[in-house]
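In case you want the letters, here they are:
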Amino acid sequence: MTEILELTAAAAAERVRAGELDPAELFDAYRERAAAEELNAFTWVADGPPANGDYSSAPLGGVPLAVKDLFCTEGVPSQAGSKILEGYRPPYTATVVRKLAQAGAPLLGKTNQDEFAMGSSNENSGFGPVLNPWDRTRVPGGSSGGSAAAVAAGLAPWAIGTDTGGSIRQPAALCGIVGLKPTYGACSRYGMIAFASSLDQAGPLTRDVTDAALLFSRMVGRDHCDSTSLEFPGELTLPKAQDLKGIRLGVPEELTGDTGGVEPGVRESFEATLKLAEGLGATIEPCQLPHAPHALSAYYLIAPAEASANLARFDGVRYGLRVDGDKDLLTMYAHTRAAGFGPEVKRRIMLGTYALSSGYYDAYYGTAQKVRTKISEDFRAAFERFDFVVTPTSPWTAFELGAKTDDPLAMYLNDFCTVPMPLAGIPAISIPSGLSDDLPVGFQLAGPAFSEQRLLDAAYALERAIGFDGSSARR
Amino acid sequence: MTSGPTVAGVEYEPVIGLEIHVQLKTVTKMFCGCELSFGDEPNSHCCAVCLGLPGALPVVNERAIHFGLMIGLAFGCEIADRSLFHRKNYFYPDSPKGYQISQYDVPLCLGGQVGDVRIHRVHLEEDAAKLNHIGASGRIHGADRSWVDFNRCGTPLVEIVTEPDLRSSEHARDWLRLLRSTLRVLGVSDVNMEEGSLRCDANVSVRPAGSADYGTKTELKNMNSFRFLERGVRAEIDRQIGILNAGEAVVQETLHFDPTSGNITALRSKEEAHDYRYFPEPDLVPLLATETMIAAARADLPELPADRAQRFERDLGLSAESARLLGFRTELGDYFERALAADGDDPVALANWIPPLIERIGSDQDPADSKVSPESLATLAAMVGAKEVSRDAARDVLTKMVEDGGDPREIVAREGLGALSGEDDGLAALVDAAIASDPDAAEQVRDGNRRAIGPLVGYVMRESKGRADGGEVTRLLMERLQAS
């Protein structure tokens, strides 16, 4: 049993395909742990493995998958962490979840998250906060905190989440696992309950880089149901790179200097990782992303603006929560949304509504879009000189529950290093680089659009050099 | 011109622009694969996308783009090679996403002209769901319950906005007819106002005649027939002139015209002024109209009503009025051309038989649905031209054809309505009888007063029961009176 749980997903898949591991046994091992968990990582757990589970030739070998709550799963609660969707069971399944199931990753359960993916600590869930398996007094990060905690704690072999401003990478960092935010358009968004449509991307949260590569390779592809999705250029293979020879790493001063308020322990781990990279043959130089410090401001205009429209459909008319008003439409809307949405969601709806309002559009939304363009140009320029840009994933390690809930701006600073990449639509990966005061630290690599294969290769080489051991969180 | 009489003696000129919504006749909806339907069981044609379920995404219907391009090309618009969809945000139960996907500052088509009216823009969007209010009022206020039928939701629409080039309610009505036939010929819509596949709002203002400035405009919503449009706009023009004559100011507002009472009331609902917070739809990529797409749309363009009218006038010698009637009303033009194919000797004479025909079958009817075939109408016109039947008798024959159908030659023979010719003894006898019946008149004609011939001609026409040809009768009378 313990032996099964210590297998990476890729290793487990291989054993299933080789006939050495019963996929039903594998499923049940995780199902039992997920059903008995105490981190509040799951909002729903499957009763058992799906019938007809022949995974002898399935690429993903029947290794069960934890899925962030905001992915629609047919007949299974899909609530996006919100009371307004409590008990909502969609009539269809998100493309990415369907593809992964077809490739042999059956649904293990749905994971807790910040409501509508708005948050960096998972404390904004309508179904209670998720606890960090490294220290249960601390947050797992967010918004894909349930997925990150589940993988880190060995409640699931692997998981998918979504990243809008850091929602895969930051919880991966805080939980000591790998998180990949793909190029915008690489994975279909169809069936993902939207937060900010121009930024949202699905991606894997896994124990190691190989698992991330394997899961990601089955998520990508053009989907005729998502006009913004694209065919992934080139083939994705499992990473094999042993070193970083010839790889040029750029360290953006704007994201690693004092502005971001990077903790000393995080800085130490970051610098140690750069040394390791150098030892693997990489060259390391400072680089400039002049507009990156404005990314957070642009993000907190664009994402709420899109969210204010995306969340308008939760009106009590067709599905989800409905609180009747005084027999009139307007009060029904008001009561439903007042009762169904949490404070952070309301804050962002108001921010976004304001940013799009007549007379303010140009100053806020319009300006933010210009900044976004500038940030993309900064990255383009950087990638002319560098293969990847590297930063700490989060300025801090996992913080205590409640530490930042009264200060939204401090909470938003969590995303300081992760927000520029989705604004530019480029991929980035977070890998564990070590511990600081017994808490995991994340190291982030970002590359040009559709550079995932190279990104995964480099992350793999670094991962081997770092030799991070996350097994203590699984006990 | 519907400028009313004024107290102060100021002559007012109405200025009218129209906003027309047209449901496109695609197989499926604008952003999903649901079939279009009208009158089917409520909520039988909907899916995750058009119900606005969480996680669903729109995908643009290529056929709708094709139709949009055809319309733009037909109107002579400038086609944007890259246009954008926006979200137009508003809360209402007919809008499942809380926003409508529409085009805003970069529409598919800009400029253009239909007939004598300039087009401001043409853009693509999606229709809302249909609300049915249960209760005495029939409106949302005071309804016991309201049902939402999402079958209509997501139906592809084009919105056509004109420049304020219309100058009277009749002008607006006639132009909308032209627009409808243009769209019908294009085959892009059913353009049925009763079923709502063609919907019209009017922006109305008045200004002192000769003024270059515009007055304050009001928006008259949803006039669902040509007659209501005409009546509504006329009522609004009169209302505005009344306000101005009373020394007051017109208030910019959205109005509802009640065709039953003729009253105009202000709308207090979602149609009120809103901040729609438009922003580019992030779920869709920019719409690229490629050369290939434009060429395909151009290849599908049929002859348009305005062009057809021009051809009738130029090539067939029809009067401008006749050419417009037959060109702008597609069904009349089609009927005319079928008749012309049967006998094309005298297109002008043939065209002149269309108005008497529609007068008899009902002015809004399609003559193709009547008992009169185009071939038999051509025969009748040719018989008149060959003086085989007099014009008056032919009108009676046409009435019989409308009632019972049949071949005009047979009707003429059966009813004995054949023209009396000069060589016919019966006509000569009637001419003699006329002269005998009114010797005074005959004398005056002999003395050179040609106008005195009237009563004599009248006598013959009366006695022949219209079978005689007036010109022939005059000729015979003059012959007799001058010879004697």
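Preceding block: the structure.
About the criteria used
- Residues numbered from 1 in each chain as written.
- Chains lettered and ligands numbered in written order.
- Predicted model: local features only at pLDDT ≥ 70, side-chain atom pairs only at ≥ 80, totals over all residues.
- Helix = DSSP H or I, 4+ residues; strand = E, 2+ residues; numbered from the N terminus.
- Rg over C-alpha atoms; globule rule 2.2 N^0.38 Å.
- Buried ≥ 20, exposed ≤ 12 C-beta atoms within 10 Å, placed from the backbone.
- Contact = placed C-beta atoms within 7 Å.
- Nonpolar A, V, L, I, M, F, W, Y, C, P; charged D, E, K, R; others polar.
- Pairing = 2+ DSSP bridges.
- Axes fitted to C-alpha atoms, helices over the stretch in contact; angles between N-to-C directions.
- Parallel < 35°, antiparallel > 145°, perpendicular 65-115°, else oblique.

*Asks:* Looking at this structure, I do not really get the overall build of chain B. What am I missing?
*Replies:* Per the secondary structure count, chain B includes 16 helices and 17 strands. For chain B, the C-alpha radius of gyration of 29 Å lies well beyond 23 Å, the compact-globule estimate for 484 residues. Its C-alpha atoms put chain B at 100 × 55 × 45 Å along the principal axes. Across the 484 residues that make up chain B, the buried fraction comes to 43%. Expressed as a percentage of contacts within chain B between residues at least 6 apart in sequence, the contacts between residues at least 24 apart total 68%.

*Asks:* Is there a simple way to explain the overall build of chain A in this structure?
*Replies:* Of the regular secondary structure elements, chain A holds 16 helices and 11 strands. A compact globule built from 475 residues should have a C-alpha radius of gyration of about 23 Å, and chain A, at 21 Å, falls within 12% of that. Referenced to the eigenvectors of the C-alpha coordinate spread, the extents of chain A come out at roughly 70 × 55 × 45 Å. Counting every position in chain A, which comprises 475 residues, the buried fraction comes to 63%. Contacts in chain A between residues far apart in sequence, at least 24 positions, make up 76% of those at least 6 positions apart.

*Asks:* Any chance you could explain the environment of Arg189(A) here in plain terms?
*Replies:* Relative to the helices and strands, Arg189(A) resides in the loop between strand 5 (178–181) and strand 6 (201–206). Counting along the chain gives 127 residues from Arg189(A) to Gly62(A), while the straight-line C-alpha distance between them is 23 Å. Excluding residues within four positions of it along the chain, Arg189(A) makes contact with Asp200(A), Asp226(A), Thr228(A) and Leu57(B).

*Asks:* Explain the interface of chain A and chain B to me, please; I cannot follow it from the model alone.
*Replies:* Size of an interface, as often reported, equals the accessible area lost when the parts are brought together. The interface is formed by 35 residues belonging to chain A together with 24 residues belonging to chain B. Elements supplying a minimum of two residues to the side of chain A that touches chain B: helix 10 (295–310), helix 11 (329–340) and helix 12 (343–356) of chain A. Counting residues per element, the side of chain A that touches chain B draws most heavily on helix 10 of chain A, which supplies 3 residues. Split into classes, the residues belonging to the side of chain A that touches chain B amount to 20 nonpolar, 9 polar and 6 charged.

*Asks:* Please explain the sheet that holds strand 2 (residues 65–68) of chain A as it appears in this structure.
*Replies:* Residues and elements named next belong to chain A. Across the sheet, which stays open at both edges, the 11 strands sit in the order 1-3-2-4-6-5-10-11-9-7-8 with mixed pairing between neighbours. At either end of the open sheet lies a strand with only one pairing partner, and these are strand 1 (42–45) and strand 8 (283–287). Pairs of neighbouring strands in the sheet enclose a mean axial angle of 30°, with direction left out of account. The pairing of strand 10 (residues 428–436) with strand 11 (residues 439–446) spans 8 bridges and is antiparallel. Among the inter-strand pairings, isoleucine 429 is bridged to a residue of strand 11, identified as leucine 445. Seen against the sheet, helix 9 (residues 264–279) touches strand 7 (248–252), strand 8, strand 9 (388–392), strand 10 and strand 11 and runs at an angle of roughly 115° to strand 10.

*Asks:* Would you mind showing me how to read the packing of helix 6 (residues 320–328) of chain B against helix 7 (residues 330–342) of chain B here?
*Replies:* Between two packed helices, what matters for the description is the angle formed by their axes and the separation of those axes. Residue and element names in this part refer to chain B. It is at 4 Å that the axes of helix 6 and helix 7 come closest, and there the two elements cross at 105°. Considering the angle they form, helix 6 stands roughly perpendicular to helix 7. The residues of helix 7 that touch helix 6, namely those facing Leu325, Leu326 and Gly327, are Leu332, Gly333 and Phe336. Class assignment for the residues of the contact of helix 6 with helix 7 results in 4 nonpolar, 2 polar and no charged.

*Asks:* How should I be thinking about unusual backbone geometry in this particular structure?
*Replies:* Peptide bonds are mostly trans, and most non-glycine residues show a negative phi. The residue after Gly142(A), namely Ser143(A), is reached through a cis peptide bond having omega 10°. The backbone of Ala80(A) shows a phi angle near 50°, a positive value even though the residue is not glycine. Note that Ala80(A) resides in the loop between strand 2 and helix 4 (95–102). The exposure class of Ala80(A) is buried, given the 33 C-beta atoms found within 10 Å. Non-glycine residue Arg277(B) carries a positive phi angle of around 50°.

These results come straight from atomic positions and should not be treated as a statement about function.
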